[in-house]
Amino acid sequence: QVQLVESGGGLVQAGGSLRLSCTASGTIFSFNSMGWYRQAPGKQRELVALITSGGSTNYADSVKGRFTISGDNGKNAVYLQMHSLKPEATAVYYCYAKRSAGLYGYDHWGQGTQVTVSS
């Protein structure tokens, strides 16, 4: 079974930085993409950043230029470096991974890690 283990969340002042990490454990596959979503109270879960196994990236407009996603295919790991954090970034951040096998696609989610940005 695939497990996505997250770390790096916490409390930070506005303008500060955090680095989130996510590593797959258990049954390991080569994922087609990995990334991060976030959900604030009362809001829909939204994509923050995504990276494919080939290195292509996709960012939410709200974080472009301030967040950087990176991955390690060999470790099935993904990272999110967050700079210039704003209070609006306060949310639960979820690691995400997708793999395809034949006719099937599989989505995997981490447990979520809280990021709180104080003003």
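Residues numbered from 1 in each chain as written. Predicted model: local features only at pLDDT ≥ 70, side-chain atom pairs only at ≥ 80, totals over all residues. Heavy atoms only, no water.

### So, the side chain of Arg66
Here comes step 1: Within the fold, Arg66 resides in the loop between strand S6 (57–59) and strand S7 (67–72).
Here comes step 2: Within the buried core, Arg66 has no salt-bridge partner, and the shortest N-O distance to an opposite charge, that of Glu88, equals 7.2 Å. (Helix = DSSP H or I, 4+ residues; strand = E, 2+ residues; numbered from the N terminus. Buried < 20%, exposed > 50% of the residue type's maximum accessible area, 1.4 Å probe, protein only. Lys, Arg positive; Asp, Glu negative; His and termini not counted. Salt bridge = Lys/Arg side-chain N within 4 Å of Asp/Glu carboxyl O.)

### Describing the pairing of strand S5 (residues 46–52)
Here comes step 1: Here six bridges tie strand S4 (residues 33–39) to S5, and the two strands are oriented antiparallel to one another. The residue of S5 that forms the bridge with Ser33 is Thr52.
Here comes step 2: Between S4 and S5, which follow one another and run antiparallel, lie six residues, and Gly42 among them has a positive phi close to 80°.
Here comes step 3: Taken together, the three bridges between S5 and S6 define a ladder with antiparallel strand orientation. Residue Ile51 lies in a different strand from S6, and its bridge partner there is Thr57.
Here comes step 4: From the end of S5 to the start of S6, which pair antiparallel, there are four residues, and Gly55 there has a positive phi angle of about 100°. (Pairing = 2+ DSSP bridges.)

### Details of the pattern of salt bridges
Here comes step 1: Applying the stated rule across the entire model yields three salt bridges.
Here comes step 2: For Lys64, the salt bridge is made with Asp61, and the minimal N-O distance between the two is 3.0 Å.

### Regarding the nonpolar core
Here comes step 1: In this structure, Trp36, Leu80, Met82 and Tyr93 are the most contacted members of the largest nonpolar core, which totals 30 residues.
Here comes step 2: Within the residue set of this core, elements represented by two or more residues are strand S1 (2–7), strand S3 (18–26), S4, S5, S7, strand S8 (77–82), strand S9 (91–101) and strand S11 (113–118).
Here comes step 3: With residues up to four places along the chain from it excluded, the contact list for Tyr93 reads Glu6, Leu20, Trp36, Tyr37, Arg38, Val48, Phe67, Leu80, Met82, Gly112, Thr113 and Val115. (Core = buried A, V, L, I, M, F, W, Y, C linked by side-chain atoms within 4.5 Å. Contact = heavy atoms within 4.5 Å.)

### Some words on unusual backbone geometry
Here comes step 1: Look at Asn76: it is not a glycine, yet its phi comes out positive at around 50°.
Here comes step 2: Here Asn76 shows up in the loop between S7 and S8.
Here comes step 3: A residue is classified by how much of its surface remains accessible, and Asn76, at 5% relative accessible area, is buried.
Here comes step 4: Located in the positive-phi region is Ser84, a residue other than glycine, with phi close to 50°.
Here comes step 5: Its location among the elements puts Ser84 in the loop between S8 and S9.
Here comes step 6: Judged by its relative accessible area of 38%, Ser84 is partly exposed.

### Quick notes on the pairing of S11
Here comes step 1: Side chains of S11 alternate between two faces, with Thr113, Val115 and Val117 buried and Gln114, Thr116 and Ser118 left unburied.
Here comes step 2: Relative to S11, strand S2 (residues 10–13) runs parallel, the two being bridged by four bridges. Within S11, the residue paired with Gly10 across the bridge is Val115.
Here comes step 3: In this structure, S9 lies alongside S11, joined through three bridges in antiparallel fashion. When the bridges of S11 are listed, Ala91 appears paired with Val115.

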